[in-house]
Amino acid sequence: MLKTVFANHELENPFMNASGVHCMTTEELNELYHSSAGAFITKSCTPLQRTGNPEPRYIDLPNGSINSMGLPNKGFDYYLDYVTHTPYRKLCFFSISGMSAAENLDMLRRLETSSFDGVTELNLSCPNVPGKPQLAYDFEQTERLLTQVFDFYRKPLGVKLPPYFDFAHFDQMADILNQFPLTYVNTINSVGNGLVIDPDLEQVVIKPKNGFGGLGGPLIKATALANVRAFATRLNSEIKIIGTGGITNGQDAFEHLLCGASVLQVGTQLHKEGPTIFDRLARELSDIMKKKGYAAIDEFRGKLKDL
Ligand code: DHB
């Protein structure tokens, strides 16, 4: 009952990891591949490997998480080798997050000519590299980059966005995205540059960036749902939505789907619980659907009612 069609692939269910969680190494990727997740994605990569920011750089909180990883990754070739040598059984997404437009274009050119036949996620929203702004908060640069990308890139491509908090920004970004043949828009990345402190120790809880980091988990769910809904109601219907942010149980998943998401990514709770979370989420979402009398997700996807 959870079967989902996405980018011409049939997924057993709509659940997958959010990039960054449990996807840095081939061991972790294999665990996702063998889990009950409907799809999976690699860690956002750069052309060359990076060690990232000093630790501690990821902390679980009672109501979510804060991180400032700084794009540690094993480099583009490591992930390309993995995805082109893994037998196809479940849809694989490849996340790239270059430090410049040139790096992103370089990696996309190499993906285009490779045998990779999954879906590429262009991350426009990493908040954790000191001195580097989140690209998708610069509307002109985003439009310029996507114009350059779609000059040559023909394989399925989506973008990962940061959260927006203003209707003018939803409108402006949707107008830009609607000009391009995007397969999907993934909303939201972590809520950038929060600050979590320990009042007993009178200090910050992560080391990089004086404690500033991206927030995830239940504490960002309302912002995530708002962004999913805002883009679902503004984007061309050919552009699918991946809903990310605050999914810890079947009800959260149901809410994201009601707002219009097609696929659902799980970060903070996957980090806490490990890949067996996908069994629980699938069971809980199925139970909700059965109680409500829904036989398929398409019966309620995007059908959130206004008052
Ligand atoms: C990192 C964090 C992100 O939110 C992201 O989109 C990419 C990378 C990181 O800090 O590694």
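Each remark here, short or long, concerns the structure printed above.
Here is what the cut-offs are and how they apply
Residues numbered from 1 in each chain as written. Predicted model: local features only at pLDDT ≥ 70, side-chain atom pairs only at ≥ 80, totals over all residues. Heavy atoms only, no water. Pairing = 2+ DSSP bridges. Helix = DSSP H or I, 4+ residues; strand = E, 2+ residues; numbered from the N terminus. Axes fitted to C-alpha atoms, helices over the stretch in contact; angles between N-to-C directions. Contact = heavy atoms within 4.5 Å. Left-handed = near helix turned anticlockwise from the far one by under 90°. Nonpolar A, V, L, I, M, F, W, Y, C, P; charged D, E, K, R; others polar. Near = heavy atom within 4 Å. Polar contact = N/O pair within 3.5 Å; in protein donor to acceptor, adjacent residues only side chain to side chain. Areas by Shrake-Rupley, 256 points an atom, 1.4 Å probe, with all protein chains shown as cover. 1 Å grid on protein atoms, 1.4 Å probe; cavity = no way out; pocket = protein on both sides within 12 Å on 5 of 7 lines; lining within 4 Å. Sits in = over half its atoms within 2 Å of the grid points.

## Quick look at the sheet that holds strand E7 (residues 91–96)
Here eight strands make up an open sheet; going across it, the order is E3-E16-E15-E10-E9-E8-E7-E4 and the pairing parallel. At either margin of the open sheet sits one strand with a lone partner, and together these are strand E3 (15–17) and strand E4 (39–41). Between one strand axis and the next, the sheet turns by 25° as a mean value, whatever way the strands run. Note that E7 and strand E8 (residues 119–123) share four bridges and pair parallel. Note that in E8 the partner of Phe 94 across the bridge is Thr 120. Along the sheet, helix H3 (residues 101–113) makes contact with E7, E8 and strand E9 (157–161), crossing E7 at roughly 150°. Packed onto the sheet, helix H6 (residues 221–232) meets E9, strand E10 (184–187) and strand E15 (240–244) and runs at close to 175° relative to E15.

## Looking at the packing of helix H1 (residues 26–34) against helix H2 (residues 76–85)
Contact geometry of H1 with H2 gives a least axis separation of 11 Å together with a crossing angle of 35°. Judged by the sense of rotation from one axis to the other, the crossing of H1 with H2 is right-handed. Across the interface between the two elements, Thr 26, Leu 29, Asn 30 and Tyr 33 from H1 touch Tyr 78, Tyr 79 and Tyr 82 from H2. Tallied by class, residues from the contact of H1 with H2 come to five nonpolar, two polar and no charged.

## Brief notes about the site of the ligand
As a matter of local geometry, the ligand sits amid Lys 43, Asn 67, Met 69, Gly 70, Leu 71, Pro 72, Asn 123, Cys 126, Pro 127, Asn 128, Asn 189 and Ser 190. At 2.9 Å from an oxygen atom of the ligand is found a side-chain nitrogen or oxygen belonging to Lys 43. Gly 70 has a polar backbone atom sitting 2.8 Å from an oxygen atom of the ligand. Relative to its unbound accessible surface of 290 Å², the ligand loses 93% to contact with the protein. In a pocket analysis with a 2 Å cut-off to the grid points, the ligand is assigned to the largest pocket. For the shell around the ligand, the residue count by class is five nonpolar, six polar and one charged.

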